[in-house]
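Each chain is listed here by its residues.
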Amino acid sequence: MARPFDVSAVEKKWQARWLDEGTYEVDNDDERERFFALCMYPYPSGTAHQGHIRNYTFGDLVVRYQTMRGKAVLTPFGFDSFGLPAENAAIKAGSHPRLFTDARMGELKSSVRRLGAVYDWRREVFSHDPNYMKWAQAIFLEFFKAGLAYRAEAPVNWCPGCATVLANEQVNADGTCDRSGDLVQRRNLEQWFFKITDYAEELLNDIDTLEWPERVKTMQRNWIGRSEGVEFDLPLAFDPSRALRVFTTRPDTGFGVTYAVVAPEHPMLAELVTEDEREGVERLIERASQASELERTASSDAGAGLDKRGAFTGSFVINPFSGESVPVYVADYVLGTYGTGAIMAVPAEDERDFAFAQVHGLSVVRTIEPPAGHGEGPYSGEGTHINSGFMDGMDVAHAKEAAAAFLEEHAKGVRKVNYRLRDWLVSRQRFWGCPIPIVYCDVDGIVPVPVEQLPVLAPDDVVMDKSGQSPLATHEGFRNTTCPTCGRPARREADTMDTFTDSSWYFLRYADPFTADRAFDPAQVAKWMPVDQYIGGIEHAILHLLYARFYLKALVDIGLAPGLAREPFKRLFTQGMIRLDGSKMSKSKGNLIAPEKYYDTVGADGLRLFHLFVGPPADDVDWTAQTEDIIEGCARFLDRIYRLSHYDECFFHEDETPDDLEVRREVHRAIAKVSADLEAWSYNTAVAALMELLNTISKWARRAEGAHRSTLDESLDVLLRLLAPMAPHLSAELWEQRHPGEAGVHAQSWPVADPALVARSSVVMVVQVNGKVRARLDVSPEVSEDDATSAALASAEVQKFLAGATPQRVVARPPRLVNIIL
RNA sequence: GCCCGGGUGGCGGAAUGGCAGACGCGGAGGACUCAAAAUCCUUUGCUCGAGAGGGCGUGCGGGUUCGAGUCCCGCCCCGGGCACCA
């Protein structure tokens, strides 16, 4: 398509100027109101794909808009530059991940510059910068000192494809790896964990204070998974001085407990098992230990498979409610890692317990009257308690309260809140990550590397493979060291940290990248934090967004970030994904539509406008056959602006006519509309409003009657200012042509609508008869109910329908509508 | 199973309980042109009608209301999250 100007030349000119002049560099002591605009730190995967373009188009709009609103906008950029793809690529190519990563960073950097997105490049931060690693490791050690980082042996998720352990958050619901898609295995390993569970309650409660998409908040609440209940003792029948401790959210159903179940990992299991039952129990344990988490917890097996997956231990415990002795089973549907690893089983009111009881011939005692016609199955709903001693006749809520009080008195019970959230496993058996700064000494045990020796850097001559052995463990020169405490020979930790640790505090370093003697100066960071607007993909709803929240809370608590708000991201916006043929567009799927091809045709401005216009920013974008046409349409809109700005056949007249005034009014309405839409993330309708404004101005200027000079000038200048955050190159170019030698459009202030011009002198009022539109009347916006009614009744159209009759009722909603009911 | 979103023309999508379909794409017709492209103008939910005009229309079924895409109840379908979590 032939464009009326050289798109490429214009865009390159402005990109060079923004970069050379450091237009968007901002200092910490800037006196304007501060605004921290942040796009999620990208993994450097090479040139930008459409997902990046969408992200940085939105981010750049926020930066330029807030700047025009008079704020000092912090707009940093950097890279989440550790990670598996670089390591795997290096193994394949026989090179070093750093070479690969540096090249990809360079590509992504030029991509965002070619998009016209502007940053304060002095503040660039990237994970594998030794300067950043030093403080990432220092934070780890502070966590260790505070007891927030600990080493423990635990069953962990092992991904064979990635040859490393994973955090729970990186395992999909179906038991596959979030990255490779491989089925994750269970392994018992000694690993490093961060105590995120200490913050479960605060992480949950503070969600309420965030201006985040409801969807993301819900996902985090689900992930944290709070449940309120009671933990109490079931005394052992063979030794009532000791007891099996269980957790339940339904203490009210206590009289219905007909058996108890322990997890295969339960510490008391060995002593509960009798000689007669030993064989069956051992078989069960063996099977459970081999099963993957997926097989073990697959709900599709509920019922049918349960017989094979439980065994009687031979022991009994006392139900403290009824005083009866009930059998203890071991079953893999009870998890060792949740609650106490043991449950009371109430088959009448719990589906799993019911299915298990059916298979094992255990008795079922109802404690809640199910509604009529419920049948034989378990009932877990509301109802009146029966067979429940002191709880008979109570509803569920009252009975829960009564039961909890009873247990606290008689069964060493205590009200307890349990969370689904587990501690964050941060060890990774890979090379391309930040080494964990720990030394193991036979005498002194786990010893932190002294801060002055940080950063611990991996040597370059490490043999990387995917054996599952940490590559650093095979490098004797790295591994062997001396104990910082006693000086005897010792060994370095060979694992690296999860890359999500890097992305958990990078925004703090952005706010103060210059401090040399610590991770950041809290006083400097406090000038910018919390982030005013965070923008990123929905895929980080749990992972990154939960970890970063934990980090900041922990950093404040251990004294590294005094005075900072405990939540990092005040407002979050999650953009939709780009889909091609229904699946996510991504490099790994090989279905990318590269942005570069558009730069010579529609330009970065055209592509940006497309991403703004195609639909609500939060929605997914389907890239279809029609997409190319829509992109063309956006470029056409820019062309029309260019042409209007150069329109020289316009006939001008001296005095402002009513038509000219109406155009001015439309201009001010557009200012109001676009401003409101930008605040509300309704970018698609903001673009539509600009299109309408252009249509209005264009038609008016081309009329035979001509236009008023100063009205046209004002209209064009406003249009360019409104367009400046969306299509920065063209608006800068046209502004410069119209105002040579003056400050650029992005240095102009955001236009303010004049309320007197926005208000309408007359509006169209709809007159309905029996709900059908029969007439439209021009009325004043302030028309009274009576005047509106009489005007409606007087209109010829209505008279025709009335035919002399008196209406039964008249509903007047001036100035919008009058409805006459006959 | 539970919890969030969502379902509107041929398509992407607009619509504080008040004219459904803004804006754009696509289509149709026209102007300009030797012709085409580009540009500009007109038109475009479906349907009956020559026309004036009428009827039907926001996943389905009910309800509230003078009035429902919007609110309420019950379903269906699509996307996402959680899930043997006691």
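The rules behind the values
Residues numbered from 1 in each chain as written. Chains lettered and ligands numbered in written order. Predicted model: local features only at pLDDT ≥ 70, side-chain atom pairs only at ≥ 80, totals over all residues. Heavy atoms only, no water. Helix = DSSP H or I, 4+ residues; strand = E, 2+ residues; numbered from the N terminus. Polar contact = N/O pair within 3.5 Å; in protein donor to acceptor, adjacent residues only side chain to side chain. Near = heavy atom within 4 Å. Nonpolar A, V, L, I, M, F, W, Y, C, P; charged D, E, K, R; others polar. Core = buried A, V, L, I, M, F, W, Y, C linked by side-chain atoms within 4.5 Å. Buried < 20%, exposed > 50% of the residue type's maximum accessible area, 1.4 Å probe, protein only. Axes fitted to C-alpha atoms, helices over the stretch in contact; angles between N-to-C directions. Contact = heavy atoms within 4.5 Å. Pairing = 2+ DSSP bridges. Expected span 1.5 Å × (residues − 1). Arc of directions from axis to C-beta. Parallel < 35°, antiparallel > 145°, perpendicular 65-115°, else oblique. Left-handed = near helix turned anticlockwise from the far one by under 90°. Salt bridge = Lys/Arg side-chain N within 4 Å of Asp/Glu carboxyl O. Phe/Tyr/Trp six-rings, centres within 6.5 Å; stacked < 30°, edge-to-face > 60°. Lys NZ or Arg CZ within 6 Å of the ring centre and 35° of its normal.

Draft legend 1. Examining unusual backbone geometry more closely. The step from Leu 454 to Pro 455 runs through a cis peptide bond, and the omega angle for that step is 0°. Mapped onto the secondary structure, Pro 455 falls in the loop between strand 19 (445-448) and helix 13 (476-479). The amide bond that connects Met 529 to the next residue, Pro 530, takes the cis arrangement and shows omega of -5°. Locating Pro 530 in the fold gives a position in the loop between helix 16 (522-525) and strand 23 (533-537).

Draft legend 2. Layout of the side chain of Thr 496. With respect to the helices, strands and loops of the structure, Thr 496 is situated in strand 22 (residues 496-497). At a separation of 2.9 Å, a polar atom in the side chain of Thr 496 contacts the main-chain carbonyl oxygen of Arg 430.

Draft legend 3. Region of the structure containing the protein's contact with RNA strand B. Lining the immediate environment of RNA strand B, one finds 54 residues, of which Thr 249, Arg 309, Arg 352, Arg 420 and Arg 776 sit closest. Restricting the count to atoms of RNA strand B within 4 Å of the protein gives a sugar and phosphate share of 59%. With respect to RNA strand B, the side chain of Ser 227 contributes an N or O atom lying 2.8 Å from a phosphate oxygen. Contact distances for RNA strand B include 2.8 Å between a sugar or linking oxygen and a side-chain N or O atom of Gln 626. Grouping the amino acids of the surface near RNA strand B by side-chain chemistry returns 22 nonpolar, 14 polar and 18 charged.

Draft legend 4. Expanded view of the nonpolar core. If you look at the biggest cluster of nonpolar residues, it comprises 91 residues, and the most contacted ones within it are Phe 140, Phe 143, Trp 424, Trp 505, Leu 508 and Phe 550. By residue number, the principal contributor to this core is helix 17 (residues 543-557), which donates eleven residues.

Draft legend 5. Region of interest: the packing of helix 19 (residues 603-613) against helix 22 (residues 683-701). Between helix 19 and helix 22, whose axes approach to 7 Å, the crossing angle comes to 115°. Counting all contacts with helix 19, which are made through Leu 609, Leu 612 and Phe 613, the residues of helix 22 involved are Tyr 683, Asn 684, Val 687, Ala 688 and Met 691. Considering only residue class, the contact of helix 19 with helix 22 consists of seven nonpolar, one polar and no charged.

Draft legend 6. Inspection of the sheet that holds strand 6 (residues 164-166) at higher detail. One open sheet holds the four strands; their spatial order is 6-5-7-15, and the pairing between them is antiparallel. Single-partner strands in this sheet number two, and they are strand 6 and strand 15 (424-425). Note that strand 5 (residues 149-159) and strand 6 share three bridges and pair antiparallel. In the strand pairing of strand 6, Asn 157 is matched with Leu 166.

Draft legend 7. Summary view of helix 1 (residues 7-21). If you check helix 1, its first and last C-alpha atoms are 21 Å apart, about what 15 residues at 1.5 Å a residue would give, namely 21 Å. Turning to helix 1, its buried residues number three or more, namely Val 7, Ser 8, Val 10, Glu 11, Trp 14, Gln 15 and Trp 18. All buried residues of helix 1 project into a common sector of 165° when viewed along the axis, lining one side. In helix 1, the exposed residues that point more than 90 degrees away from the buried face are Asp 20 and Glu 21. On its buried face, helix 1 is in contact with helix 2 (50-68), helix 4 (97-114), helix 18 (596-599), helix 19 and helix 24 (728-738).

Draft legend 8. Structural context of the packing of helix 3 (residues 84-93) against helix 4. Taken N-terminus to C-terminus, the directions of helix 3 and helix 4 make an angle of 120°; their axes are 8 Å apart at the nearest point. Taken together, the axes of helix 3 and helix 4 lie oblique to each other. Remark: the crossing between helix 3 and helix 4 carries right-handed chirality. Contact residues: Pro 85, Ala 86, Glu 87, Ala 89 and Ala 90 in helix 3; Pro 97, Phe 100 and Thr 101 in helix 4. Residues belonging to the contact of helix 3 with helix 4 are distributed by class as follows: six nonpolar, one polar and one charged.

Draft legend 9. Summary view of the pattern of salt bridges. Tallied over the entire structure, the rule returns 57 salt bridges. Asp 60 serves as the salt-bridge partner of Arg 64, at 2.7 Å between the closest nitrogen and oxygen. With Arg 64 and Asp 60 both in helix 2 and four residues apart, the pair spans about one turn of that helix. Judged by its relative accessible area of 2%, Asp 60 falls in the buried class. Here Asp 521 ties to Arg 518 by a salt bridge, and the two come within 3.7 Å at their closest N and O atoms. Classification of Asp 521 as buried rests on a relative accessible area of 17%.

Draft legend 10. Expanded view of the packing of aromatic side chains. This structure, assessed with the given rule, holds 52 aromatic pairs. Consider the rings of Phe 247 and Tyr 338, whose centres lie 6.3 Å apart with planes at 75°: the pair is edge-to-face. Here Phe 247, found in strand 9 (residues 239-248), pairs with Tyr 338, found in the loop between strand 12 (325-331) and strand 13 (342-345); they are 91 residues apart in sequence, far enough to count as distant. Using a relative accessible area of 9% as the deciding quantity, one classes Phe 247 as buried. Above the face of the Trp 14 ring, Arg 17 is positioned so that its terminal group lies 4.4 Å from the ring centre. Seen from the ring of Trp 121, Arg 113 lies directly overhead, with NZ or CZ sitting 4.3 Å from the centre.

Draft legend 11. Expanded view of the pairing of strand 19. Inspection of the sheet shows strand 18 (residues 438-441) paired to strand 19 by four bridges, in the antiparallel sense. Bridged to Ile 438 within strand 19 is Pro 448. Connecting the antiparallel pair strand 18 and strand 19 is a turn made up of three residues.

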